Amino acid sequence: MAPWWHSAVVYQIYPRSFADSNADGIGDLRGVTAHLDYLADLGIDVVWLSPVYRSPMEDNGYDIADYTDVDPMFGSLADLDELIAGLHARGMKLVMDLVVNHTSDQHRWFQESRDPSSPKRDWYFWRPARPGFEPGSPGAEPTNWASFFGGRGWEYDDASGEYYLHLFAPGQPDLNWENPEVRSAVYEMMRWWVDRGVDGFRMDVINLISKTMPLTDGAVAPGDDVSYEVGLVVNGPRMHEFLKEMNREVGLTDRSLFSVGEMVMVDVDQARDYTDAAANELTMVFTFEHMMLDQEPGQLKWNHRPLHLPELKRTLTAWQDGLAERGWNSLFLENHDVPRSVSRFGDDSPQHRVASAKSLATVLHLLRGTPYIYQGQELGMTNAGFTSIEQYDDIESRQFYLLATQAGMDAEQALGLLALKSRDNARTPMQWDASPQAGFSAATPWLAVNPNHTWINVEAATADPDSVLHHYRRLIALRHELEVVREGRFDLLLPADETLFAYTRSLGADRLLVVANLGGDERGLPLGELPSLVGATLLLGTHDADRPVLAAWESRVYALQR
Ligand code: TEU
Ligand code: CA
């Protein structure tokens with residue numbers, strides 16, 4: 001029998017932006033619990049909750065100071081228990097964010113580790129200065145590794161004269177997974193959450209936990225930022241060992257728990273090894289190859305270039321084919337770290353926003369794998385539209401602006417790139433209704449609501465049978481109803497076409513055709529290059545017409561005649 005998550009649809013909640021129950025301008029757990037019927041009506045099976053743990057919030061909770069407590073900003077453990085009970089009562093599951101590549105520098109493990117004589121010194125990567133360099137002087141970092149957020153990956157600690165490694169912010173020191181005490185402390189914490197009722201984990205940057213020992217320079221001149229070399233910083237030699245151990249020690253497979261590994265810079269072959277059921281590691285990985293197609297190859301996300309549709313199709317196809325026999329895919333176009341898909345890959349103008357959001361959803365949700373919806377995506381929420389640096393909150397965005405302008409980029413250009421790529425695009429408050437703070441909060445929110453909430457919101461979308469929201473509801477229902485959506489074979493059609501995305505899914509005698517016009521001009525249906533539509537039934541479409549022409553951003557799903 002297929003594992004339960006083969007039919008599941010995941011909804012990601014970024015709690016600080018979802019719903020504020022106590023009018024302090026910040027979303028919280030009771031806010032989530034208040035909206036569970038909305039998620040159940042949509043057809044959601046699993047909620048992935050971004051971190052709610054105690055945290056100084058340098059990276060909005062991805063810097064954890066206490067793994068077994070809820071930050072007062074979000075509520076209490078009792079509120080979390082109530083959320084779990086409310087989800088389970090509606091047949092939904094809860095997946096917690098597990099951030100164990102690093103902790104906060106406020107975590108007591110790290111506080112203890114600051115003392116060189118502490119037994120926890122080795123729980124993190126403390127290293128002396130590069131030989132021949134004065135500690136703390138330029139270029140003295142132990143290796144040339146960079147931080148994912150820009151700048152150096154090492155922070156100098158005056159008190160002990162050594163550096164600690166942080167692949168993200170200085171407030172996010174990397175845990176040393178080579179130390180067995182670290183690993184057992186993490187597994188114990190995971191068991192504690194499972195016993196509390198959670199149904200699985202989304203594992204933050206999990207393929208960074210094994211680094212190649214000893215830590216050495218990457219293959220660029222010392223002083224330059226290393227590009228994240230596979231095997232050195234990413235996908236290190238003990239990855240499979242650690243994941244198998246975690247699976248066994250926490251009982252992930254035994255207890256049929258959900259485990260999705262967020263993995264950067266992983267390829268299809270590696271992903272298959274991580275998610276092969278026989279390996280007992282992860283149920284699926286969450287990867288980014290398709291999210292990097294609108295940046296210059298080998299460069300940072302700020303080196304923007306337009307998406308070329310055939311490349312997106314080629315990448316998605318490689319993952320569909322590569323994880324067909326063994327392994328399992330995650331399907332997503334949005335999360336809390338990337339821009340809104342309708343603004344990025346669709347057309348968020350009033351004329352095309354609804355159709356393009358629906359058609360992007362269609363081509364994604366009818367692939368094979370587990371679809372993820374990021375809060376507000378189901379409404380066709382758009383990028384934030386911020387125009388000044390003060391409007392941004394995100395640590396990565398602010399760091400980019402600072403470093404880029406220091407390096408001579410003019411402010412206009414930096415702001416233009418932020419408007420395209422900033423993580424805050426995804427983090428503006430959820431739009432529930434047309435009221436002044438979008439029904440998110442009775443106070444001024446921590447990040448501004450998008451002015452377009454007056455027409456893009458849950459209340460309006462619920463009332464409109466042609467809304468993006470109802471389209472998502474139908475796509476989810478198709479997955480629940482049709483085995484061909486869950487398990488069918490995927491075949492890409494028209495690979496070189498620059499605006500059409502077309503494919504079939506086949507299982508036994510059942511066959512679906514998905515065809516979408518991902519462009520702003522009307523397109524003829526290339527009937528000669530598609531399977532015959534004679535006797536086909538239209539299961540779902542974005543437009544009324546059943547013509548041999550696709551309108552701008554129109555998509556259709558047909559059940560083909562056997
Ligand atoms: O993200 C991992 C990751 O690769 C991103 O940081 C990415 O490099 C960045 O967002 C590019 O814009 C995870 C979390 O999803 C993210 O929110 C955290 O900031 C990060 O890990 C550190 O925990
Ligand atoms: Ca609140």
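Only a predicted model underlies this, so the values are computations on that prediction, with no experimental measurement involved. (Residues numbered from 1 in each chain as written. Chains lettered and ligands numbered in written order. Predicted model: local features only at pLDDT ≥ 70, side-chain atom pairs only at ≥ 80, totals over all residues. Heavy atoms only, no water.)

Okay, the confidence of the model for the protein chain next. Averaged over all residues, the pLDDT of the protein chain equals 96, while 98% of them reach at least 70. In the model of the protein chain, strand β17 (residues 523-524) stands out as the element of lowest mean pLDDT, 95, in contrast to strand β1 (residues 10-13), which has the highest, 99. (pLDDT = per-residue confidence, 0-100. Helix = DSSP H or I, 4+ residues; strand = E, 2+ residues; numbered from the N terminus.)

Its location among the elements puts Asp424 in the loop between α12 (411-421) and α13 (458-463). One buried charge, Asp424, has no salt-bridge partner; the nearest side chain with opposite charge is Arg427, at 4.5 Å. Polar contacts involving the side chain of Asp424 include one to the main-chain amide nitrogen of Asp394, which spans 3.0 Å. (Buried < 20%, exposed > 50% of the residue type's maximum accessible area, 1.4 Å probe, protein only. Lys, Arg positive; Asp, Glu negative; His and termini not counted. Salt bridge = Lys/Arg side-chain N within 4 Å of Asp/Glu carboxyl O. Polar contact = N/O pair within 3.5 Å; in protein donor to acceptor, adjacent residues only side chain to side chain.)

Time to look at the layout of surface pockets. Over the atoms rolls a probe the size of a water molecule, and its path tells where empty space is left. Counted as a void, the largest pocket has a volume near 1400 Å³. Forming the walls of the largest pocket are 49 residues, and the residues nearest its centre are Phe148, Gln295, Leu300, Lys301 and Glu396. With four residues, helix α11 (residues 395-406) is the single largest residue contributor to the lining of the largest pocket. The class makeup of the residues in the lining of the largest pocket is 22 nonpolar, 10 polar and 17 charged. When residues are assigned to domains, the lining of the largest pocket turns out to be shared by domain 1 (8-100 + 180-468) and domain 2 (102-174), each giving three or more. Approximately 400 Å³ is the volume attributed to the second largest pocket. Taken together, 22 residues line the second largest pocket, and the ones lying closest to its centre are Pro3, Trp5, Thr275, Asp276 and Ala277. Its residues placed into classes, the lining of the second largest pocket shows eight nonpolar, nine polar and five charged. (1 Å grid on protein atoms, 1.4 Å probe; cavity = no way out; pocket = protein on both sides within 12 Å on 5 of 7 lines; lining within 4 Å. Points joined across faces, edges and corners; volume = space filled by probe spheres on them. Nonpolar A, V, L, I, M, F, W, Y, C, P; charged D, E, K, R; others polar. Domains from an automatic or database assignment.)

If you check the shell around ligand 1, you find 18 residues, and the closest are Asp59, Asp204, Lys301, Asp337 and Glu396. Between Arg202 and ligand 1, the recorded distance is 3.1 Å, taken from a side-chain N or O atom to an oxygen atom. Interatomic distance of 2.8 Å between a side-chain N/O atom of His336 and an oxygen atom of ligand 1. Here ligand 1, which alone exposes 480 Å², has 92% of that area covered by the protein. One can see that ligand 1 is located within the largest pocket. In terms of residue class, the shell around ligand 1 is made up of six nonpolar, three polar and nine charged. (Near = heavy atom within 4 Å. Areas by Shrake-Rupley, 256 points an atom, 1.4 Å probe, with all protein chains shown as cover. Sits in = over half its atoms within 2 Å of the grid points.)

Across a sheet, paired strands are connected by hydrogen bonds in the backbone, their directions being either parallel or antiparallel. As summarised here, the arrangement of the eight strands in space is β11-β10-β9-β5-β2-β1-β13-β12, forming an open sheet in which the pairing is parallel. Each edge of the sheet is formed by a strand with only one pairing partner; in this case those strands are β11 (284-286) and β12 (330-331). Examined bridge by bridge, strand β2 (residues 46-49) and strand β5 (residues 93-98) share four bridges and lie parallel to one another. Looking at the pairing, Leu49 lines up with Met96 of β5. Sheet strands in contact with helix α5 (residues 180-196) are β5 and β9 (200-203), and its direction is about 135 degrees off that of β9. (Pairing = 2+ DSSP bridges. Contact = heavy atoms within 4.5 Å. Axes fitted to C-alpha atoms, helices over the stretch in contact; angles between N-to-C directions.)

It is worth spelling out the pairing of strand β13 (residues 370-374) at this point. For β13, a buried count of five out of five residues is recorded, marking the element as mostly surrounded by other parts of the structure. Side-chain alternation along β13 places Thr370, Tyr372 and Tyr374 on one buried face and Pro371 and Ile373 on a second face that is also buried. Bridge analysis of β1 against β13 gives three bridges, and the strand direction is parallel. Each residue of the ladder has a partner; that of Val10, found in β13, is Tyr372. As judged from the two bridges shared by β12 and β13, these two strands associate in the parallel manner. Residue pairing in the sheet places Leu331 in a bridge with Pro371 of β13.

Along its sequence, the protein chain is organised into domain 1 (8-100 + 180-468), domain 2 (102-174) and domain 3 (487-559). Each of domain 2 and domain 3 has a C-alpha centre, and these two points are 53 Å apart.

So, on to the coordination of the calcium ion (ligand 2). Bound to the calcium ion (ligand 2) are the protein donor atoms Asp20 (OD), Asn22 (OD1), Asp24 (OD), Ile26 (O) and Asp28 (OD), situated 2.2 to 2.3 Å from the metal. Read from N- to C-terminus, the donor residues coordinating the calcium ion (ligand 2) fall into the pattern D-x1-N-x1-D-x1-I-x1-D. (Donors = N, O, S within 2.8 Å, 3.2 Å for Na, K, Ca; no water.)

Tyr11, Ile44, Leu80, Met96, Met190, Phe201 and Met246 are the most contacted members of the largest nonpolar core, which totals 165 residues. Here this core gets eight residues from one element, more than from any other, and that element is α5. Not counting the four nearest positions on each side in its chain, Ile44 is found in contact with Val9, Tyr11, Leu39, Met92, Ile373 and Ile476. Membership of the second largest hydrophobic core comes to 11 residues, among which are Leu493, Leu494, Leu513 and Leu550. (Core = buried A, V, L, I, M, F, W, Y, C linked by side-chain atoms within 4.5 Å.)

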